[in-house]
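Report on the structure
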Amino acid sequence: LLRAFLVFAGSLVVSISLKAQALDFPTLFKLLDTDPVLIDTVMKSKHYNILQRDKDSVSFQNYYNNVERGGEGVPNWVRSITYAQVKVNAVSSRIITYRTYRKKEYQELMAWLLNNNFHTTKTYDFDKEKHTLFSDGSRTVLLKIGPKALPNGTKVLAYELELGK
């Protein structure tokens, strides 16, 4: 009985202290090639929760989020990822949108792009956001930086990356 309690208590501590997993570009590019049936499994393994599913005869979209909690279970950071696929006849397209609010994570993602031969191909303003397109010649990434309103009305800066195929 004591052993069972210790195992339970240990697993509870581990689950409470799990850190949200930031996703890097190799992971995001790999997700584009992952069988859609396996996406939920992959996202669960990275501690992302499904929040919404939309599906119709030609498309589906899954929205996941990941909350990093600090001491006493208080949320520190939220990340989200949207995985969408459209298939019409023999033509299929996928897009992944990854959003973080952490400047350091954004800087790490930008460093990866620069270190892997991506360069800026276009920048433009769209409403209150700054959009930048990056390419390595075969893949393109769209970066959107702009304010987002939290449910309580507080505005925070969001870093959103889109990639597709």
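Heads up: these notes are all about the structure in this document. (Residues numbered from 1 in each chain as written. Predicted model: local features only at pLDDT ≥ 70, side-chain atom pairs only at ≥ 80, totals over all residues. Heavy atoms only, no water.)

1. Concerning the pattern of salt bridges
Taken as a whole and assessed by the stated rule, the structure comprises nine salt bridges. Salt-bridge contacts for Lys148 lead to Glu129; the nearest nitrogen and oxygen are separated by 3.0 Å. Taken together, the residues Lys148 in strand S7 (residues 140–149) and Glu129 in strand S6 (residues 129–135) connect sequence positions 19 residues apart. Owing to a relative accessible area of 21%, Lys148 belongs among the partly exposed residues under this scheme. Using a relative accessible area of 16% as the deciding quantity, one classes Glu129 as buried. (Salt bridge = Lys/Arg side-chain N within 4 Å of Asp/Glu carboxyl O. Helix = DSSP H or I, 4+ residues; strand = E, 2+ residues; numbered from the N terminus. Buried < 20%, exposed > 50% of the residue type's maximum accessible area, 1.4 Å probe, protein only.)

2. Details of the nonpolar core
Counting 27 residues, the largest nonpolar core has Phe25, Leu28 and Ile81 as the members making the most contacts within it. Of all the secondary structure elements, the ones that give two or more residues to this core are helix H2 (25–33), helix H3 (39–45), strand S2 (59–69), strand S3 (75–88), strand S4 (91–100), helix H4 (103–115), S7 and strand S8 (155–164). At five residues, the largest contribution of residues to this core is made by H2. (Core = buried A, V, L, I, M, F, W, Y, C linked by side-chain atoms within 4.5 Å.)

3. Some thoughts on the environment of Val78
The topology assignment puts Val78 in strand S3. On the basis of relative accessible area, Val78 is assigned to the partly exposed category, the value being 32%. A C-alpha to C-alpha distance of 5.7 Å links Val78 and Asn66, two positions 12 residues apart in sequence. Non-local contacts of Val78, meaning those with residues more than four positions away in its chain, are made with Asn65, Asn66, Val67, Arg99, Thr100 and Tyr101. (Contact = heavy atoms within 4.5 Å.)

Purely geometric numbers; function is a separate question.
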